[in-house]
Amino acid sequence: MNDQSGPAEHSTTTPKVYHENYFPTPVFYCDLPGSAALNRDLIKAIRAERAKDDKGIERSNVVSLGGWHSRTDLVGEPAFAALTKGIDEITSDISRQLLYDPSLRLGIDIMWAIINPPGSANRSHIHGGSLWSGVYYVQAPKEAGRIVFVDPRTASLMIPARLDPNQEQGPQNWREVSFEPIPGRAVLFPSWLYHRVETNVTGAKGEAADRICVSFNITQKGLGSS
Ligand SMILES: [Fe+2]
């Protein structure tokens, strides 16, 4: 044993710190082609639905604030066939991008329409019994209310980090993400992702003030099934 060696020399090189992100939360969006004509037809169909059932049902909509929610089986209706086809094209793409089983397809189980007049909003919620969910915007005046997705990593709320107030923070530190309701756009998200809709505070008047959308739930199905 050599006791003449003295203390070991420590490296002065700065160590490289590697950074990877795991467990991402994907959100997809797509602007459907030909949406102006599609939306004109959908507005007629949705208003006709409302004329048949003005009371609607209560889910995440707040009935006391005026939010209307249709029945949930619109997917089989001829007036919603073109939208269904457009959504099927989006979900085929999503299934490929996420490397899902190619012997299955992502298909819509249920579909419903929502009309939020000024003053109405949707509570924070998830969509039970479903894999993917989505919303297609039919009509949305300015400030009709964004959809807000909430950071699903709830355990991280135990000790939130204090962030640098002098830096512009990016998605890695956001706790919420909002999407404007742009007519013709579909936004698809995992059904377990909590979301809400802000209050419609548009200055628009009459029926043009309504925020109108169609929402849907999706699961994996056999390729030949409806
Ligand atoms: Fe929802």
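Residues numbered from 1 in each chain as written. Predicted model: local features only at pLDDT ≥ 70, side-chain atom pairs only at ≥ 80, totals over all residues.

Draft legend 1. Representation of the nonpolar core. Counting 36 residues, the largest nonpolar core has Met111, Tyr136, Val138, Cys213 and Val214 as the members making the most contacts within it. Of all elements in the fold, only helix 1 (35-52), helix 2 (81-97), strand 3 (104-116), strand 5 (132-139), strand 6 (147-150), strand 8 (185-190) and strand 10 (211-222) reach the threshold of two or more residues within this core. In terms of residue count, strand 3 provides more of this core than any other element does, seven residues in total. Beyond its immediate stretch of four places on either side in the chain, Val138 contacts Asn39, Leu42, Ile43, Ile46, Pro183, Ile212, Cys213 and Val214. (Core = buried A, V, L, I, M, F, W, Y, C linked by C-beta atoms within 7 Å. Buried ≥ 20, exposed ≤ 12 C-beta atoms within 10 Å, placed from the backbone. Helix = DSSP H or I, 4+ residues; strand = E, 2+ residues; numbered from the N terminus. Contact = placed C-beta atoms within 7 Å.)

Draft legend 2. Representation of the sheet that holds strand 9 (residues 195-197) in the model. Read across the open sheet, the four strands follow the order 4-9-6-7; overall the sheet is antiparallel. The two strands at the open ends of the sheet, each matched to only one other strand, are strand 4 (122-125) and strand 7 (176-179). Each strand of the sheet is rotated relative to its neighbour by a mean of 15°, with strand direction disregarded. Of the pairings in the sheet, the one linking strand 6 to strand 9 comprises three bridges and is antiparallel in character. Residue pairing in the sheet places Phe149 in a bridge with His195 of strand 9. (Pairing = 2+ DSSP bridges. Axes fitted to C-alpha atoms, helices over the stretch in contact; angles between N-to-C directions.)

Draft legend 3. Molecular detail of the sheet that holds strand 1 (residues 28-31). The antiparallel open sheet is built from six strands, whose spatial order is 1-8-5-10-3-2. Edge positions in the sheet fall to strand 1 and strand 2 (68-69), since each has one partner strand and no second. Note: strand 2 against strand 3, two bridges, orientation antiparallel. Paired with His69 across the bridge in strand 3 is Ile114.

Draft legend 4. The arrangement of helix 2 in detail. Under the 1.5 Å per step criterion, the end-to-end length of helix 2 is 24 Å for 17 residues, consistent within 8% with the ideal 24 Å. When helix 2 is considered as a whole, its buried residues turn out to be Leu83, Ile87, Ile90 and Thr91. Along the axis of helix 2, the buried residues cluster in a sector spanning 100°; they form a single face. Opposite the buried face of helix 2, at more than 90 degrees from it, the exposed residues are Ala81, Lys85, Glu89, Ser92 and Arg96. Tucked inside the fold, the buried residues of helix 2 contact strand 1, helix 1, strand 3, strand 5, strand 8 and strand 10. (Expected span 1.5 Å × (residues − 1). Arc of directions from axis to C-beta.)

Draft legend 5. How the structure looks around the pairing of strand 5. When you tally the buried positions in strand 5, you get eight out of eight residues, the bulk of the element. As paired elements, strand 5 and strand 10 share seven bridges and run antiparallel to each other. Within the sheet, the bridge partner assigned to Trp132 lies in strand 10 and is Ile218.

Draft legend 6. Structural detail: the environment of Ala45. For Ala45, the location among the structural elements is in helix 1. With 19 C-beta atoms packed within 10 Å, Ala45 lands in the partly exposed category. Here the alpha-carbon distance between Ala45 and Phe80, two residues 35 residues apart in the chain, equals 8.1 Å. Setting aside anything within four residues of it in sequence, one finds Ala45 in contact with Ala79 and Phe80.

Draft legend 7. Region of the structure containing unusual backbone geometry. Its identity as a non-glycine residue notwithstanding, Phe23 has a phi of 55°, on the positive side. One can find Phe23 in the segment before strand 1. Accessibility expressed as a C-beta count within 10 Å gives 6 for Phe23, which makes it exposed. With phi around 60°, Leu99 is a residue other than glycine that occupies positive phi space. Relative to the assigned elements, Leu99 resides in the loop between helix 2 and strand 3. By C-beta crowding, Leu99 is classed as exposed, having 7 other C-beta atoms within 10 Å.

Draft legend 8. Examining helix 1 more closely. Its 18 residues give helix 1 an end-to-end C-alpha distance of 25 Å, which sits within 8% of 26 Å, the value for a rise of 1.5 Å per residue. Burial in helix 1 covers these residues: Ser35, Asn39, Leu42, Ile46 and Glu49. Taken around the axis of helix 1, the buried residues stretch over an arc of 85°, which confines them to a single face. Projecting away from the buried face of helix 1 at angles above 90 degrees are the exposed residues Ala36, Ala37, Arg40, Lys44, Ala48, Ala51 and Lys52. In the core, the buried residues of helix 1 are packed alongside strand 1, helix 2, strand 3, strand 5 and strand 10.

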